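Architecture and fold: a report
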Amino acid sequence: MHLSESVRKQYTTEHLSAREAQRNAEFIAFGPIIFQVARIMVKWGILDMLRDKEMTINEIAETTGKTIYAIKCLMEASLSIGLVLINDVTDRFSISKTGWFLINDPATVVNMNFNHDVNYLGMFELEQALDHGKPEGLKYLGNWKTVYEGLSQLPADAQKSWFNFDHFYSDSSFEEALQIVFANHPKTLLDVGGNTGRWALQCVNYNQDVEVTIMDLPQQIKLMEKETAGKPGADRIHGYGTDMLHSTNQFPTQPHFDAIWMSQFLDCFAEPEIQSILERAAKIMDGNAKLYIMETLWDRQKYEPAALCLTLTSLYFTDIANGNSKMYHSEDLIKIIEKAGLKVTQIHDHLGQGHSIIVCQKK
């Protein structure tokens, strides 16, 4: 199995003592409560206060306007889970390194909001989702077969957190990705699963000649047209509405596309569905066309905490998104690519927040 060096070190040997392992097990057992304590510490601004100065429980209660009881419960729990430290002489609390990352690391902020607003309630149905191969937790957000059908109708907080999560990981890679894609000077680009058009807008501003067609669900195309309207280069962005889950729905053949772009797209599908999509992409490619697949592949992460986030995000796909997709290991994805009649010519790793770009051509 391919593993990056940091992931291999963490996942192939035991690092914890027996006592540390026992504590870790209890941390897992109380996981839902730990998460909510941390979230409230952020929401109520307590960690921000403690970043600036040490405070007593009475001072925190007075500043937040909360009861002594509420603050005492939160602060004692936060001590146990490692968010704060206590000076046992002055009884003043200060922020820990973990607490600091909780409010200052952009990825952690995005992940916490995503898990609370999108995943938390639905995760009660995870076992059923694993058993049935359906997103059993999605009903807490709305009545759709997949989350993608309901993106434009999600509750406001869930919609905001979903798009912030999606855009945070993709946007961080755009600058490097543009250089890779446009090194081959494509004049026409098909953006598959282009969502709100953020990548397409980057493309038409990066290259003044390229014409971009976004291929996505019809309701997403309407949202994209609204989001891109009036922005520079929007006249060179076109929509093609279709549901790629239906294997009879083909890729557009006009115009001929020099490049096909799939960013954080294939992880939304099960392996047989990915093969079907790639086979249909291969049909419209000639020997010069290139397919660029940008994904966060958990085995190719430079730092292990990213792999942790990705393997757990797989369960969002299981329980909320669609019931049958995940964040893939690169070897699994490459096998599907080859079965679809394509070959991998290059892999670019460590772009932005842990993305890789797999460059493919027709066999």
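Look a little higher up for the structure.
Read on for an overview of the structure.

Here is what the cut-offs are and how they apply
- Residues numbered from 1 in each chain as written.
- Predicted model: local features only at pLDDT ≥ 70, side-chain atom pairs only at ≥ 80, totals over all residues.
- Heavy atoms only, no water.
- Helix = DSSP H or I, 4+ residues; strand = E, 2+ residues; numbered from the N terminus.
- Rg over C-alpha atoms; globule rule 2.2 N^0.38 Å.
- Buried < 20%, exposed > 50% of the residue type's maximum accessible area, 1.4 Å probe, protein only.
- Contact = heavy atoms within 4.5 Å.
- Axes fitted to C-alpha atoms, helices over the stretch in contact; angles between N-to-C directions.
- Parallel < 35°, antiparallel > 145°, perpendicular 65-115°, else oblique.
- Left-handed = near helix turned anticlockwise from the far one by under 90°.
- Pairing = 2+ DSSP bridges.
- Nonpolar A, V, L, I, M, F, W, Y, C, P; charged D, E, K, R; others polar.
- Phe/Tyr/Trp six-rings, centres within 6.5 Å; stacked < 30°, edge-to-face > 60°.
- Lys NZ or Arg CZ within 6 Å of the ring centre and 35° of its normal.
- Salt bridge = Lys/Arg side-chain N within 4 Å of Asp/Glu carboxyl O.

1. Comments concerning the overall build of the chain
Helix and strand counts for the chain come out as 16 helices and nine strands. Computed over C-alpha atoms, the radius of gyration of the chain comes to 23 Å, within 12% of the 21 Å expected from 2.2 N^0.38 for 363 residues, which places it in the range of a compact globule. The C-alpha extent of the chain, read off along each of the three principal axes, is 75 × 50 × 40 Å. Buried residues in the chain amount to 49% of all 363 residues. Of the contacts made within the chain by residues no fewer than 6 positions apart, 68% connect residues no fewer than 24 positions apart.

2. Re the packing of helix H14 (residues 271-283) against helix H16 (residues 330-339)
Their axes nearest at 9 Å, the elements H14 and H16 cross at an angle of 45 degrees. Classed by the angle they form, the pair H14 and H16 counts as oblique. Viewed along their axes, H14 and H16 form a crossing whose handedness is right-handed. Where H14 abuts H16, its residues Glu-271, Ile-274, Gln-275, Leu-278 and Glu-279 lie against Asp-332, Leu-333, Ile-336, Ile-337 and Lys-339.

3. Section: the pairing of strand S1 (residues 84-87)
Here four bridges tie S1 to strand S2 (residues 92-95), and the two strands are oriented antiparallel to one another. Its bridge partner being in S2, Asn-87 is matched across the sheet by Arg-92. Connecting S1 to the antiparallel partner S2 that follows it, the hairpin turn spans four residues, and Asp-91 within it adopts a positive phi of roughly 60 degrees.

4. So, the packing of helix H2 (residues 18-29) against helix H3 (residues 31-43)
As a packed pair, H2 and H3 sit with axes 5 Å apart at the nearest point and diverge in direction by 75 degrees. Judged by the angle between their axes, H2 and H3 are roughly perpendicular. Residues Phe-27, Ile-28 and Ala-29 of H2 form the contact with H3, whose participating residues are Gly-31, Pro-32 and Ile-34. The residue inventory of the contact of H2 with H3, partitioned by class, reads five nonpolar, one polar and no charged.

5. A closer look at the packing of aromatic side chains
Ring pairs (aromatic) are described by centroid distance and by the angle formed between their planes. Evaluation of the coordinates by the stated rule reveals 13 aromatic pairs. Measuring from ring centre to ring centre gives 5.0 Å for Phe-114 and Tyr-316, while their planes differ by 70 degrees; the resulting arrangement is edge-to-face. Taken together, the residues span a long stretch of sequence, with Phe-114 in helix H8 (residues 106-119) and Tyr-316 in helix H15 (residues 304-321) at a distance of 202 residues. Take Tyr-316: its relative accessible area is 4%, and that puts it in the buried class. Summarising the aromatic geometry, the rings of Phe-182 and Tyr-206 are spaced 5.4 Å apart at their centres and angled 40 degrees between planes, so their arrangement reads as tilted. Taken as a pair, Phe-182 in helix H11 (residues 174-182) and Tyr-206 in helix H12 (residues 198-206) lie far apart in primary sequence, 24 residues in all. Through successive ring pairs, a cluster of aromatic residues spans Phe-114, Phe-165, Phe-168, Tyr-169, Tyr-316 and Phe-317. Above the ring of Trp-44, the side-chain terminus of Lys-66 is found at 4.4 Å from the ring centroid.

6. Brief notes about the environment of Gln-346
You can see Gln-346 is positioned in strand S8 (residues 342-351). Classification of Gln-346 as partly exposed rests on a relative accessible area of 42%. Measuring from C-alpha to C-alpha, the distance between Gln-346 and Cys-73 comes to 53 Å, with 273 residues separating the pair along the chain. Those residues in contact with Gln-346 that lie beyond four places of it in its chain are Ile-357, Ile-358 and Val-359.

7. Notes on unusual backbone geometry
Of the consecutive residues Gln-254 and Pro-255, the connecting peptide bond is found in the cis state with omega at -5 degrees. Inspection of the secondary structure assignment puts Pro-255 in the loop between strand S5 (237-241) and strand S6 (259-263). Phi is positive for His-350, close to 65 degrees, though the residue is something other than glycine. Looking at the secondary structure, you find His-350 in strand S8. Among the residues examined, His-350 registers a relative accessible area of 40% and is labelled partly exposed.

8. Comments concerning the pattern of salt bridges
Under the definition given, this model contains six salt bridges. In this structure, the salt-bridge partner of Asp-209 is Lys-187, at a minimum N-O distance of 3.7 Å. Here Lys-187 lies in the loop between H11 and strand S3 (188-192) and Asp-209 lies in the loop between H12 and strand S4 (211-216), a separation of 22 residues in the sequence. Overall, the relative accessible area of 45% leaves Lys-187 in the partly exposed class.

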